[in-house]
Amino acid sequence: MKVIFSRPLFAYIMGLLILVFVSGAVLSQLTNEYIILGSILTVEYIILLLIMLHVYDKYMKPIKKASNTIDELVKGNYRARIHHTSSGSVAELSNKINILARNLSEFAIQEQMQEKQLSTVIDNTQSGLVLLDEKGYIHLVNRKFLSMFGGVPHDYNGFLYYEVLDNEKIHQTVQQTFLYEKNVKESFTQVIEVDKKYIEIVGAPIFNERNMLKGAVLVLYDITHLKKLELMRKDFVANVSHELKTPITSIKGFAETLLDGAMNDSETLKNFLIIINDESTRLQGLIEDLLTLSRLEKDEFKLVRRTLNMNDLVDEVLPIIKQSAEQKGISLTAEVGDSISLQADKERIKQIVINLLTNAISYTSEEGEVKLTVTDTEDEVHIQVSDTGIGINQEAIPRIFERFYRVDKARSRNTGGTGLGLAIVKHIVEVHEGKISVDSEPNNGSTFHVYLPK
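Source: prediction; values computed, not measured.

## Here we look at the overall build of the protein chain
Then, in step 1: Each helix and strand in the protein chain was counted, giving 12 helices and 12 strands.
Then, in step 2: Relative to its 454 residues, the protein chain shows a buried fraction of 35%.
Then, in step 3: A separation threshold of at least 6 residues defines the contact pool for the protein chain, and within that pool the share at least 24 residues apart is 57%.
Then, in step 4: Accessible area of the protein chain: about 28,100 Å², with a carbon and sulfur share of 54%.

Printed below as a string of structure tokens:
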């Protein structure tokens with residue numbers, strides 16, 4: 001009964017009722033048997049009603065459901081389905097609509113997955129990306145770009161590029177990309193907080209299937225590391241040339257003086273030979289340090305790890321260093337915890353301790369103090385070398401591990417230093433996956449901390 005009085009069916013029922021009344025009015029003019037006429041009309045009405053209900057249930061209702069399902073699909077609800085028992089063409093239509101809905105659902109899921117994958121790739125790429133339309137409006141910026149220029153996506157998306165990017169090189173790149181419709185490459189520097197970044201920008205035009213320009217993509221590469229490596233290489237070549245030139249010039253000059261006749265004076269000959277020997281030793285030390293650095297930096301370099309007892313190692317190192325300390329009247333002491341051991345390359349760790357102690361003695365005045373302390377925790381060994389020397393300015397601390405960098409150039413050269421000791425120490429610590437740091441103040445000495453994993 002509820003179905004009969006539903007809104008779409010009620011109109012048809014009323015139409016049938018009117019039709020029966022009209023036919024009854026016509027037939028009443030032909031007969032006086034009103035009871036028979038009424039019975040016929042009632043039976044007629046019931047038969048027509050049953051036929052209509054059958055047609056409605058088998059054809060009209062499924063079609064209505066199909067129409068509603070299609071409306072939901074149009075709205076983007078791909079989970080909509082037709083659930084109706086039917087047969088024939090209507091059933092075939094329902095099945096095809098359900099198949100279409102499933103295909104659209106799978107397509108939407110795949111599209112969402114591809115969108116997430118693309119978004120993940122774009123956000124995690126190590127280059128900054130900016131997507132522009134043909135009018136110059138920004139539609140997308142990735143995470144790397146935001147780390148370069150700051151802000152959040154809402155600060156850029158939907159704005160013209162020249163409204164939110166005030167770098168002239170970027171403006172030129174965009175303009176030339178649109179003008180010449182080909183890839184354009186530029187480079188510029190960007191100051192982020194206190195850091196100076198070197199950035200290379202490439203503009204690439206985007207074309208549609210009809211080869212019409214539809215926008216451009218900007219790719220920004222952070223080449224700061226490469227620039228620093230280039231500067232380091234130039235400085236290294238210049239420093240090596242300078243460091244090699246000094247002893248070679250001295251050796252050549254004194255040898256020429258001896259050949260010109262100074263060798264006939266035994267006292268002069270002895271003094272010059274001592275100087276030549278010292279300069280040769282210094283030159284040999286410089287070459288050995290350069291070779292050591294070269295070996296440490298090779299990709300195929302491998303540590304010879306074995307169980308190393310720090311007490312035994314310190315006992316081997318101290319006699320080598322004590323003579324230099326005694327010559328300057330420096331007090332050299334060592335404190336090593338009991339049974340401290342680690343898995344490491346013995347010769348390399350030995351080189352760390354020797355270089356740090358030698359460096360401390362070189363920069364400590366006479367009657368000063370140098371102390372070696374070795375302690376450990378559950379996971380690492382802490383080697384600490386402290387002195388009462390000249391100390392290091394805070395501005396110089398980030399550079400002391402650079403090759404050939406000297407806090408006091410005159411003092412370092414007078415003691416035969418090559419300027420490579422701390423660079424070697426840092427490389428050895430890094431290949432052991434350790435850490436190195438320094439605490440220092442001018443005229444208050446320095447303390448070097450080396451942390452090596454056990």
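## Points about helix H12 (residues 421-431)
Given 3.6 residues to a turn, an α-helix orients residues that are three or four positions apart in the same direction.
Then, in step 1: Among all positions of H12, only Leu-422, Ala-423, Ile-424, Val-425, His-427, Ile-428 and Val-429 are buried.
Then, in step 2: A positive phi of about 60° marks Glu-433, the residue just after H12.

## Section: the environment of Arg-81
Then, in step 1: Assignment of secondary structure puts Arg-81 in the loop between helix H2 (34-75) and helix H3 (88-124).
Then, in step 2: A sequence separation of 20 residues divides Arg-81 from Ala-101, and the C-alpha atoms of the two residues are 7.0 Å apart.
Then, in step 3: If near-sequence neighbours (up to four positions away) are discounted, Arg-81 is found in contact with Thr-69, Asn-98, Ala-101, Arg-102 and Ser-105.

## Some words on unusual backbone geometry
Then, in step 1: A positive phi angle, near 55°, is found at Glu-181, a position not held by glycine.
Then, in step 2: Tracing the chain through its elements places Glu-181 in the loop between helix H6 (168-180) and strand S3 (184-192).
Then, in step 3: Located in the positive-phi region is Glu-433, a residue other than glycine, with phi close to 60°.
Then, in step 4: Along the chain, Glu-433 turns up in the loop between H12 and strand S11 (435-440).

## A look at the sheet that holds S11
Then, in step 1: Reading across the sheet, the 5 strands line up as S7-S9-S10-S12-S11 and stay open at both edges, with mixed pairing between neighbours. Lying at the two open borders of the sheet, with one neighbouring strand each, are strand S7 (331-336) and S11. Averaged over neighbouring strand pairs, the angle between their axes works out to 10° when direction is ignored.
Then, in step 2: Sheet topology note: the strand S10 (residues 380-387)/strand S12 (residues 446-453) ladder contains 7 bridges and is antiparallel. Bridging across to S12, Ser-386 finds its partner in Thr-447.
Then, in step 3: Lying on the sheet, helix H9 (residues 310-327) is in contact with S7, strand S9 (369-376) and S10; it crosses S7 at an angle near 175°.
Then, in step 4: Across the sheet, helix H10 (residues 346-362) is in contact with S7, S9, S10 and S12; its angle to S10 comes to roughly 20°.

## Observations concerning the packing of aromatic side chains
Then, in step 1: Under the definition given, this model contains 4 aromatic pairs.
Then, in step 2: Ring geometry for Tyr-161 and Tyr-162: centres 5.3 Å apart, planes at 80°, overall edge-to-face.
Then, in step 3: Owing to a relative accessible area of 9%, Tyr-161 belongs among the buried residues under this scheme.
Then, in step 4: Chaining the aromatic ring pairs together yields one cluster made of Phe-145, Phe-149 and Tyr-156.
Then, in step 5: Here the guanidinium or amino end of Lys-182 rests over the ring plane of Tyr-180, the centre of that ring lying 5.9 Å away.

Conventions we followed
Numbers given to residues run from 1 along each chain, matching the order in which its sequence is written. Since the coordinates come from a predicted model, pLDDT governs what is reported: local features require at least 70, and pairs of side-chain atoms require 80 or more to be given and counted, while whole-chain, interface and lining totals use all residues. Side-chain descriptors were evaluated using all non-hydrogen atoms of the structure, hydrogens and water having been removed beforehand. Labels follow the DSSP assignment, with helices taken as runs of H or I lasting at least four residues and strands as runs of E lasting at least two, numbered in each case from the N terminus. Only protein chains enter the accessibility calculation, which uses a 1.4 Å probe. A residue is then buried if its area is under 20% of the maximum for its type, exposed if over 50%, and partly exposed in between. Whether two residues touch is decided by their heavy atoms; if any such pair falls within 4.5 Å, the residues are in contact. Accessible surface is estimated by sampling points in the Shrake-Rupley manner with a 1.4 Å probe; for residues, cover comes only from the protein chains shown. A pair of strands is treated as paired once DSSP finds two or more bridges between them. Between N-to-C directions, angles span 0 to 180 degrees; the directions come from axes that are lines fitted to C-alpha atoms, helices contributing only their stretch in contact. Pairing of aromatic rings covers Phe, Tyr and Trp, the last counted by its six-membered ring, and requires centre-to-centre distances within 6.5 Å; plane angles under 30 degrees mean stacked, over 60 mean edge-to-face, and any other angle means tilted. Each ring is checked for a lysine NZ or an arginine CZ that lies within 6 Å of its centre and within 35 degrees of its normal; such an atom marks a charge sitting over the ring.

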